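# Breakdown of the fold
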Amino acid sequence: MPPCGGALQNPTGVEVRGIEIFRNPYIKLCSNDLRELGSMGEDWRFAGADTQYLTHGLHPYPARMIPQIARRLIERYSERKDVILDPFCGSGGVLVESMLLGRNSIGIDINPLALIIAKAKTTPLEPSELERLWLELREAIEEDVRGLRFDRLEVEVPKIPNLEYWFKPQVARELAVIRRRLDALKGERAYFFFATCFSLTVRKVSNLKPGEFKIMRMPAEKLKKHNPNVLQTFIEHVEERIPRMVEFYRACDENVFCEVLLGDARRLPLKGGVDLVVTSPPYGDSRTTVAYGQFSKYPALWLGLRGVTGVDKASLGGRPTDGEELPSETLKRTLEEIKKKSRERYNDVLWFFSDLFRCLEQLRGVLSGCCCFVVGNRTVRRVQVPTDRIIVELGEALGLEFETLIRREIPSKRLPWQNAPENVRGEKGTTIAKESIIVLRAKR
Ligand SMILES: C[S@@+](CC[C@H](N)C(=O)[O-])C[C@H]1O[C@@H](n2cnc3c(N)ncnc32)[C@H](O)[C@@H]1O
């Protein structure tokens, strides 16, 4: 392991192109004002950068970490063959970058659909073998769909709650024949790739409102004209994405491992051996704004994945925790402010940070190097929650030294720029437009 920390030494104190960098050892973070130390002109916005290259573009996912950030952190804080952990791996962007940079990696998430996508994005497939499997699969599905359309084939449609509300009958039958053929591929490495394309197909042909992470039905007028061609949609998704798989196969280092595990960051299934953590935890608004479970629900149910309906509740802060006092003055002050406005939201924030503290404890136990978090400072009832500062304070209490804090502007974003803080229609507040990258270091 190289010593942690990059060469960010320019103490100019100015914000350079939308970036603020705070760096140890000059600052005492617990003081009220953080002293800015400049950035040596490093641009962390990555405006205009292609964030969908290779397998990064296989499938959308809420609040993805852009690959450029993952890459810079991995390059700066680890060496070839090191082990990188992302305990909230989502769709696996950190794992892809680790493989491209010759690092071993482990990804953990509670969302089973996220793991299918992450697995697809990190499984190099030999191009001619992929081509052969696809030709066979395509031929079999085309034959089945013809059978369905000419009443020569019966298919059992999986039991999905409110199926008729979310899928037109012919759509459901055609999805069922594809699913049946996919099940037969379950032992193959290519299964995850085809399952990911199927997930995209499910969303596209469903009655869900396009472009939404939450579950919403299309408006009635649109629904009347909605007659998707399921087979064609699936074929297009696969064929548009095969070149990405081929390029990834050629670009990644096959001599490293990448493990993707269903698990909970509050109880890591690891004993140690992690050189670097790069991760973006949920923001604590999974039940309201960024609903990973809702986003994944129908594709996961169609793939027969269990547990997806509990994801948002199982997410950090989703369930009550005992009201322990956490070692962060900033958190205490923030909670007091929120409590004046809403007891319910006070609990949400308290539970979230209690869970996050559990995760930090776990990470501290398995880590020998740096721990990089990418987070947003959200507002709750118009009170800013300085998640970055709170993470630094909680980490310090556990013996993780503060290394660097970089605040970057987010050039474009799919999340709403405004929310309704008091749940009153038309009363808007701003959501996150900046992101913080925090680097902590396990004491040697
Ligand atoms: C901000 S997203 C990560 C996105 C990811 N970096 C990417 O690029 O796709 C946060 C993830 O944390 C997961 N998550 C929430 N609570 C968790 C927990 N207790 N343990 C593990 N993962 C959790 C969510 O399912 C979600 O995938």
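Our structure's up above, just so we're on the same page.
Each value, and the rule that gives it
- Residues numbered from 1 in each chain as written.
- Predicted model: local features only at pLDDT ≥ 70, side-chain atom pairs only at ≥ 80, totals over all residues.
- Helix = DSSP H or I, 4+ residues; strand = E, 2+ residues; numbered from the N terminus.
- Contact = placed C-beta atoms within 7 Å.
- Buried ≥ 20, exposed ≤ 12 C-beta atoms within 10 Å, placed from the backbone.
- Pairing = 2+ DSSP bridges.
- Right-handed = clockwise from strand over helix to strand, strands pointing away.
- Near = placed C-beta within 6 Å.
- Nonpolar A, V, L, I, M, F, W, Y, C, P; charged D, E, K, R; others polar.
- Core = buried A, V, L, I, M, F, W, Y, C linked by C-beta atoms within 7 Å.
- Domains from an automatic or database assignment.
- Axes fitted to C-alpha atoms, helices over the stretch in contact; angles between N-to-C directions.
- Parallel < 35°, antiparallel > 145°, perpendicular 65-115°, else oblique.

### Some details on the overall build of the chain
Check the secondary structure of the chain and you find 14 helices and 12 strands. Pairs at least 24 apart in sequence give 75% of the contacts found in the chain among residues at least 6 apart.

### Some words on the pairing of strand 3 (residues 104-109)
With 6 of 6 residues buried, strand 3 lies mostly within the body of the structure. Pairing between strand 2 (residues 83-86) and strand 3: 4 bridges, direction parallel. Of the residues in strand 3, the one forming a bridge with Val83 is Asn104. Following the backbone out of strand 2, through helix 2 (residues 93-100) and into the adjacent parallel strand 3, one traces a crossover that is right-handed. Across 5 bridges, the pairing between strand 3 and strand 4 (residues 258-262) is parallel. If you follow Gly107 over to strand 4, its bridge partner there is Val260.

### Considerations on the site of the ligand
Taken together, 24 residues lie near the ligand, and Phe88, Gly90, Ser91, Gly93 and Ala265 sit nearest. Looking at the shell around the ligand residue by residue, the class counts come to 14 nonpolar, 6 polar and 4 charged.

### Quick word on the nonpolar core
Within the largest apolar cluster, 118 residues are counted, with the highest numbers of intra-cluster contacts made by Phe198, Val277, Val278, Val349, Cys371, Cys372 and Ile438. Looking at this core, the element that brings in the most residues is helix 13 (residues 343-366), giving 10 residues. Lining this core are residues from two domains, each supplying at least three of them: domain 1 (19-107 + 258-287 + 313-442) and domain 2 (127-250). Excluding residues that lie within four positions of it along the chain, Cys372 makes contacts with Leu73, Tyr77, Val277, Val278, Ile437 and Val439.

### Focus on helix 14 (residues 387-397)
In terms of burial, helix 14 is a largely internal element, 9 of the 11 residues being buried. Residues of helix 14 that are buried: Thr387, Asp388, Arg389, Ile390, Ile391, Val392, Glu393, Leu394 and Gly395. Lining the buried residues of helix 14 we find helix 12 (329-341), helix 13, strand 6 (367-375), strand 9 (400-409) and strand 12 (434-442). Backbone geometry just after helix 14 places Gly399 at a positive phi near 85°.

### Some remarks on the packing of helix 6 (residues 169-183) against helix 9 (residues 230-251)
With their axes 9 Å apart at the nearest point, helix 6 and helix 9 run at an angle of 45° to one another. Comparing the axis directions of helix 6 and helix 9 gives the class oblique. Contact residues: helix 6 offers Val171, Glu174, Leu175 and Ile178, while helix 9 offers Val230, Leu231 and Phe234. When its residues are assigned to classes, the contact of helix 6 with helix 9 shows 6 nonpolar, no polar and 1 charged.

### Re the environment of Pro60
Turning to its location among the elements, Pro60 is positioned in the loop between strand 1 (19-23) and helix 1 (67-77). On the neighbour-count criterion, Pro60 (15 C-beta atoms within 10 Å) is partly exposed. Along the chain, Pro60 and Ile117 lie 57 residues apart, while their C-alpha atoms are 9.3 Å from each other.

### Concerning the environment of Asn227
Along the polypeptide, Asn227 turns up in the loop between helix 8 (220-224) and helix 9. For Asn227 and Lys168, which are 59 residues apart along the polypeptide, the C-alpha to C-alpha distance reads 8.3 Å.

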